[in-house]
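Residues per chain, in single letters:
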Amino acid sequence: MSSTIRITLPDGSVREVPSGTTSRQIAESIGAGLARAALAARVDGAVRDLGRPLEADASLAILTERDPDALEVLRHSSAHILATAVRELFPGAGIGFGPPIEDGFYYDFDVPRPFTPEDLELIESRMTEVARADYPFVREVVDRSQANHRFADDPLKLERIAELGDAETITVYTDGPFTDLCRGPHIPRTGRLKHFKLLHAAGAYWRGDEKRQMLQRIYGTAWFKKEDLDAYLHRLEEARKRDHRVLGRQLDLFSTSDVLGPGLVLWHPRGAVIRWLLSRAVEDDNVASGYDLVYTPNVTREELFYISGHLPLYASNQYPAMGAGAGEAEDVRYMVKPMNCPMHALIYQSRQRSYRDLPIRLSEVANVYRNEKSGTLHGLLRVRGLCMDDAHIFCTMDQIEDEIFLCLDQVDRLVRATFGFELDFEVSTRPEERLGSDEVWDQAEATLRRALERKGIAFRNDVGGGAFYGPKIDIKFRDAIGRIWQGPTIQLDFNLPERFELEYTGTDNRPHRPVMIHRAIYGTLERFTGNLIEHFAGAFPVWLAPEQVRVIPISDAQAEAARGLAQRLKAAGLRVRVDDSSETLNYRIREGEVQKVPYMAIVGQREADSGSLALRVRGTGKKQEAMSVDAFLGRITEEVRTRALAP
RNA sequence: GCCAGUGUAGCUCAGUGGUAGAGCGCUCGCCUUGUAAGCGAGGGGUCACGGGUUCGAGCCCCGUCACUGGCUCCA
């Protein structure tokens, strides 16, 4: 019974202890300080409660605040403490799930009415009391009937219990008055939770299924140190300041209008410049990369979307069909396009193709319209009228790898190198329901991976995450404050060539079916611009800045010289404005800073006399340099040419 | 689409049933400026829209629309 087991500690030392010794006891034997700091244990790589007995040889690490896994445990326990408080304040509340999430935790409750902000304050202070009470988290193993009995009044928990396999150990955790079905692990006592805040409440479907009942979710955040909590709240504040919807108005980039309709964007001159430069950048790169440019109509007969298979499946995402013009048959109806691929397929189909023609790369920066659910719309990031930098590559199976490689090159140039985004790659593989043989999928997935490996790119697998018509590479990018956005997508498609019966003549003089690759580098110009606004906090690099230089004469006496300078800069292709308004110099400089203009060229009498300018660089405070116009032109045109990130 | 919240001047927001307010912006005047807000005056609102309750509604009730935060979906 009391056999001896060997526990290996992180420093490599081995302790021989009786079987059944807990991690906590080992922590205590190492030192009182460690025992006090201990929050959980990592046993053979798995995070466990400190109180769990060790029953076999194992490697053991005692987790303290310094370990990221411990933070996750703290947040999970915070969710329980939240539920403890809610159950006390709202005794009948049903309980759903309460997991840790990035930066915090949430818990879903089934309550008769939604939580109000006042409720959250009340719940938060009750949580503080629960934490102060310093209840231990007690783990119990129960059998199925005990579990059913204990959660007899919690239908949501019963549903979860029923799903647990017979082989699974069912455990419950109790902290003070509250017991929850939970796999754990948890912190030793509620008192370890000190720095947390409830953030907001929102509706959430049970099991994330929109057909099921809606629960009320409370989100919170928890940290070990007050500084960390404060830093996190500060980060939220920073993110709010970068909100592209706010900056879009302040910088006069774009607007929306109730009269115009939701999800539709008005690009103002200053925003349109950015969009135009982006679309030019990708078109230039497309042409240089061997793509052909094409243009296709905004409306088509709806039949096209039946051929492509989008109808009737995606009808809810498309705007309804409209009748034809006068004099045409009434049953011929037209639709605004939600995507370009069917039309690019028609271009492919418009003549006979030989293997010698492949790959055919068709690209188009085009507006499409999608009738997105109203609740999903969000600034520029989720709209109904959007402009894709779309392209479709038609090629043979053998050519896929090189084509993917080419796409990855473009992503690297246009997204990573140009904007300094960190990229994260994910290969989505075959789903349950799919088109095409396993051999084709094997080959396609392997090809995607090979292209990534050839480029030396690390990637993750999203097993089963591919579309029914082919695997894809999803590329996410991380912005200046660490947020992650969905970026470029490279999608293989075996379906559309089938539906459009696309063919090429092979070396064997027989017809073959090409593969189609859908790819977008920026995705949509709306979303990408929104991302850029937030990434740069509105302070765009010179090449993208709507206004690159603001010329400010110190007084009216230099207005003429200022206009002359502006003319010279404009002649060099720069976007320049003169601010000769009757405001004070300080006021006008402040305006320039607030508008995030990268350069201000101040012209006083000294500069006017010598034909120079005093340069103020955005964000650098009082530091300024006097320089000749030529020197400035050299500097700024070089920055534009190289798409420099600074200033 | 679902749940909740919000909707007052161009913007940010006060306004708890009794004559619609502030700051900034805007217009005009004064000031003529050396690196992040000079001074003064003025204009500006069917209080999202529609209905109801009330002697009386920005405020209370119902509906619609839009936005916000989530859920679901997604570029």
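Undergrad: Describe the sheet that holds strand β4 (residues 46-48), with residues and values.
TA: Pairing is mixed across the open sheet formed by five strands, whose spatial order is β2-β1-β5-β3-β4. Taken across any chain shown, the strands that pair with only one partner, and hence form the sheet edges, are β2 (14-18) and β4. Adjacent strand axes in the sheet meet at a mean angle of 35 degrees when their direction is disregarded. Bridge count between strand β3 (residues 40-43) and β4: three bridges; the pairing is antiparallel. Within the sheet, the bridge partner assigned to R42 lies in β4 and is V47. Strands β1 (4-8), β2, β3 and β5 (58-63) of the sheet are contacted by helix α1 (residues 23-30), whose axis makes an angle of about 70 degrees with β5.

Undergrad: Could you give an account of the protein's contact with RNA strand B, with specific residues and numbers?
TA: The local shell around RNA strand B holds 51 residues, among which Y205, S374, R382, R590 and Q624 are the closest. Each atom of RNA strand B within 4 Å of the protein was assigned to sugar, phosphate or base; sugar and phosphate come to 49%. At 2.4 Å from a phosphate oxygen of RNA strand B is found a side-chain nitrogen or oxygen belonging to S374. Interatomic distance of 2.8 Å between a backbone N/O atom of V383 and a base nitrogen of RNA strand B. Elements that contribute at least two residues to the surface near RNA strand B include exactly β12 (195-205), β13 (214-223), α8 (244-250), α17 (585-594), α18 (605-610) and β32 (612-617). With six residues, the top contributor of residues to the surface near RNA strand B is α17. By residue class, the composition of the surface near RNA strand B is 16 nonpolar, 17 polar and 18 charged.

Undergrad: Provide a residue-level description of the layout of surface pockets, including the pertinent values.
TA: Here the largest pocket defines a volume of roughly 1,300 Å³. Looking at the largest pocket, it is lined by 43 residues, and the ones nearest its centre are M339, R370, M388, Y469 and T489. Within the residue set of the lining of the largest pocket, elements represented by two or more residues are β21 (385-395), β24 (472-478), β25 (484-493), α14 (495-499), β28 (515-524) and α15 (525-535). Tallying contributions element by element places β28 first for the lining of the largest pocket, with six residues. A breakdown of the residues in the lining of the largest pocket according to their chemical character gives 18 nonpolar, 15 polar and 10 charged. When contributions to the lining of the second largest pocket are tallied by element, the ones reaching two or more residues are β4, α3 (68-89), β8 (104-110), α6 (155-163), β10 (170-175) and β11 (178-181). With five residues, α3 is the single largest residue contributor to the lining of the second largest pocket. Both domains that meet at the lining of the second largest pocket, namely domain 1 (4-64) and domain 2 (69-233), each give it at least three residues.

Undergrad: Give a description of the packing of helix α9 (residues 269-288) against helix α12 (residues 400-419) that names residues and reports values.
TA: In contact at an axis separation of 10 Å, α9 and α12 are set at 145 degrees when each is read in the N-to-C sense. Considering the relative orientation of α9 and α12, their crossing is right-handed. Within the contact between the two elements, α9 uses L278, A281, V282, D285 and N286 and α12 uses Q410, R413, L414 and F419. Residue classes in the contact of α9 with α12 are distributed as five nonpolar, two polar and two charged.

Calculation criteria
- Residues numbered from 1 in each chain as written.
- Chains lettered and ligands numbered in written order.
- Predicted model: local features only at pLDDT ≥ 70, side-chain atom pairs only at ≥ 80, totals over all residues.
- Heavy atoms only, no water.
- Pairing = 2+ DSSP bridges.
- Helix = DSSP H or I, 4+ residues; strand = E, 2+ residues; numbered from the N terminus.
- Axes fitted to C-alpha atoms, helices over the stretch in contact; angles between N-to-C directions.
- Contact = heavy atoms within 4.5 Å.
- Near = heavy atom within 4 Å.
- Polar contact = N/O pair within 3.5 Å; in protein donor to acceptor, adjacent residues only side chain to side chain.
- Nonpolar A, V, L, I, M, F, W, Y, C, P; charged D, E, K, R; others polar.
- 1 Å grid on protein atoms, 1.4 Å probe; cavity = no way out; pocket = protein on both sides within 12 Å on 5 of 7 lines; lining within 4 Å.
- Points joined across faces, edges and corners; volume = space filled by probe spheres on them.
- Domains from an automatic or database assignment.
- Left-handed = near helix turned anticlockwise from the far one by under 90°.

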